[in-house]
Amino acid sequence: MRDRFHGQLSVLGELLSNMCGMACEELRLANRVFLDRDAEAAAELAAVEAKLNAARTTCDQTAQKLLALQAPVARDLRTVLAAVYCADRLERMGDLAQHIADQAARAPEFAVPDALAGRFGEMAGLACSMAEDLGAAIEGPTAEVFHSLAQSDQRVDALYEELMTLVTEPDWPHGIAPAISVALLARFYERFADQAVSVARRVDFALTGELPESSVRDVPAESPTGAIP
């Protein structure tokens, strides 16, 4: 029975690792839609999004069966609960990537003024690297991976603050529509990065029983006000 149980736990781990890869791929495709104006990438992204959503459902169902039939305790219980939490956040990361592509496709002429392209390129590169590092954290969690993610997240936060400062300056020269687009796109990247750190923290907690210190709190998948989480 215990061998079977731990085999099912391994299945959960594989599901999470696959979901991480899907979220990473979604962000790469969203970057192509946004930064490269590659309209064909949007259809690819939608297909990956459907797979990610299905994987999240499978993860939830597997976890529910383990809780109901095996009654795990201590570290095993933490692992199952962490899997449910992480699956929810990974699905949210995919949603945020979809939002980036949708916003870029909705108003391509207003997506980003040329003067800000470099900042968004850096933000996109950091977020992609974080998604890749998160996959490493799920496959073999280490404190080094978590701290690397946290450092990258701080840089993403700094870029977000820079962009918000620029679009709210009285002499912003590009008009209201570009300002709104910049604010939304920057927020989607910033939330994607926060969710990645939150997943890494919970993976570490499943192993150690302690949440590593971070400036990033465990962010909710949806805010009660309906704002961007």
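Each chain has its residues counted from 1, following the order in which its sequence is written. The predicted origin of the model limits local features to residues at a pLDDT of at least 70 and limits the giving and counting of side-chain atom pairs to 80 or more, whereas totals for whole chains, interfaces and linings rest on all residues. Derived side-chain values reflect all non-hydrogen atoms in the structure, with water molecules and hydrogen atoms excluded from consideration.

## Thoughts on the overall build of the protein chain
1) Next: When helices and strands are counted, the protein chain shows six helices and zero strands.
2) Next: Going from the N terminus to the C terminus, the protein chain shows its helices and strands as α-α-α-α-α-α.
3) Next: Taking all 229 residues of the protein chain together, the buried fraction comes to 50%.
4) Next: Only heavy atoms matter for contacts: two residues are in contact if any of them lie within 4.5 Å across the pair. Pairs at least 24 residues apart make up 78% of the contacts formed inside the protein chain by residues separated by at least 6 positions. In this description a helix means any DSSP run of H or I spanning at least four residues, a strand means any run of E spanning at least two, and both kinds are numbered starting from the N terminus. When a residue's accessible area, from a 1.4 Å probe over protein chains only, is under 20% of the maximum for its type it is buried; when over 50% it is exposed; and in between it is partly exposed.

## Overview of the packing of aromatic side chains
1) Next: Centre distance within 6.5 Å is the pairing criterion for rings of Phe, Tyr and Trp, where only the six-membered ring of Trp is used; planes under 30 degrees apart are then read as stacked, over 60 as edge-to-face, and the remainder as tilted. This model, assessed by the stated rule, comprises three aromatic pairs.
2) Next: Between the aromatic rings of F34 and Y189, the centroid separation amounts to 6.2 Å while the plane-to-plane angle is 35°, which identifies the pairing as tilted. Of the two residues, F34 sits in helix α1 (residues 2-35) while Y189 sits in helix α6 (residues 176-208), which places them 155 residues apart along the sequence.
3) Next: Measuring from ring centre to ring centre gives 6.4 Å for F120 and Y189, while their planes differ by 55°; the resulting arrangement is tilted. Placement of the pair is F120 in helix α4 (residues 117-139) and Y189 in helix α6, with a sequence separation of 69 residues.
4) Next: The class for Y189 is buried, based on a relative accessible area of 0%.
5) Next: One aromatic cluster is present, built from ring pairs that chain together F34, F120 and Y189.
6) Next: In this structure, R89 is placed above the aromatic ring of Y85, and the distance from its NZ or CZ to the ring centre is 4.2 Å.
7) Next: The ring of Y85 has R202 lying over it, and the distance from NZ or CZ to the ring centre is 3.9 Å. Two thresholds decide whether a charge sits over a ring: the Lys NZ or Arg CZ must be within 6 Å of the ring centre and within 35 degrees of the ring normal.

## Notes on unusual backbone geometry
1) Next: Phi at R37 takes a positive value of approximately 55°, unusual for a residue other than glycine.
2) Next: Mapping R37 onto the fold places it in the loop between α1 and α2 (40-70).
3) Next: Take R37: its relative accessible area is 57%, and that puts it in the exposed class.

## A few points about the confidence of the model for the protein chain
1) Next: Values of pLDDT, which run from 0 to 100, indicate the predictor's confidence residue by residue. When pLDDT is averaged along the protein chain, the result is 84, and 83% of the positions lie at 70 or above.
2) Next: Across residues 223-228, where pLDDT falls below 50, the model places five contacts with residues more than four positions away in sequence or in other chains.

## A word on the nonpolar core
1) Next: Throughout, nonpolar core names a set of buried Ala, Val, Leu, Ile, Met, Phe, Trp, Tyr and Cys residues whose side chains join them through atoms within 4.5 Å. The biggest cluster of nonpolar side chains holds 70 residues, and the ones touching the most others in it are L16, L90, F120, L134 and Y189.
2) Next: With 14 residues, α1 is the single largest residue contributor to this core.
3) Next: Filtering out sequence-adjacent residues up to four positions away, L16 remains in contact with C59, A83, C86, A87, L90 and I138.

## Topic: the pattern of salt bridges
1) Next: Counted as salt bridges are all cases of a side-chain nitrogen of Lys or Arg within 4 Å of a carboxyl oxygen of Asp or Glu. Applying the stated criterion to the full structure yields 15 salt bridges.
2) Next: For R187, the salt bridge goes to E190, with nearest N and O atoms at 2.9 Å. Taken together, the residues span about one helical turn, with R187 and E190 both in helix α6 at a distance of three residues.
3) Next: Among the residues examined, R187 registers a relative accessible area of 23% and is labelled partly exposed.
4) Next: On the basis of relative accessibility, which here comes to 6%, the residue E190 falls in the buried class.

## Here's the deal with the packing of α4 against α6
1) Next: It is the contact of α4 with α6, at a shortest axis distance of 10 Å, that shows an interaxial angle of 20°. One way to sum up the angle between α4 and α6 is to call them roughly parallel. Between α4 and α6 lies a crossing whose hand is left-handed. On the side of α4, the interface is formed by F120, M123, A124, A127, M130, A131, L134, A137 and I138, while α6 contributes V182, L185, A186, Y189, F192, A193, A196, V197, V199, A200 and V203.
2) Next: A per-class count over the contact of α4 with α6 returns 20 nonpolar, no polar and no charged. Lines fitted to C-alpha atoms define the axes, with helix axes restricted to the stretch in contact, and inter-axis angles between N-to-C directions lie between 0 and 180 degrees. Should an angle lie under 35 degrees it is considered roughly parallel, over 145 roughly antiparallel, and from 65 to 115 roughly perpendicular; all remaining angles are considered oblique. The crossing is said to be left-handed when, going from far helix to near helix, the turn is anticlockwise and less than a right angle, and right-handed when the turn is clockwise. Note that Gly is not counted as nonpolar here; it falls among the polar residues with everything else outside the nonpolar set of Ala, Val, Leu, Ile, Met, Phe, Trp, Tyr, Cys and Pro and the charged set of Asp, Glu, Lys and Arg.

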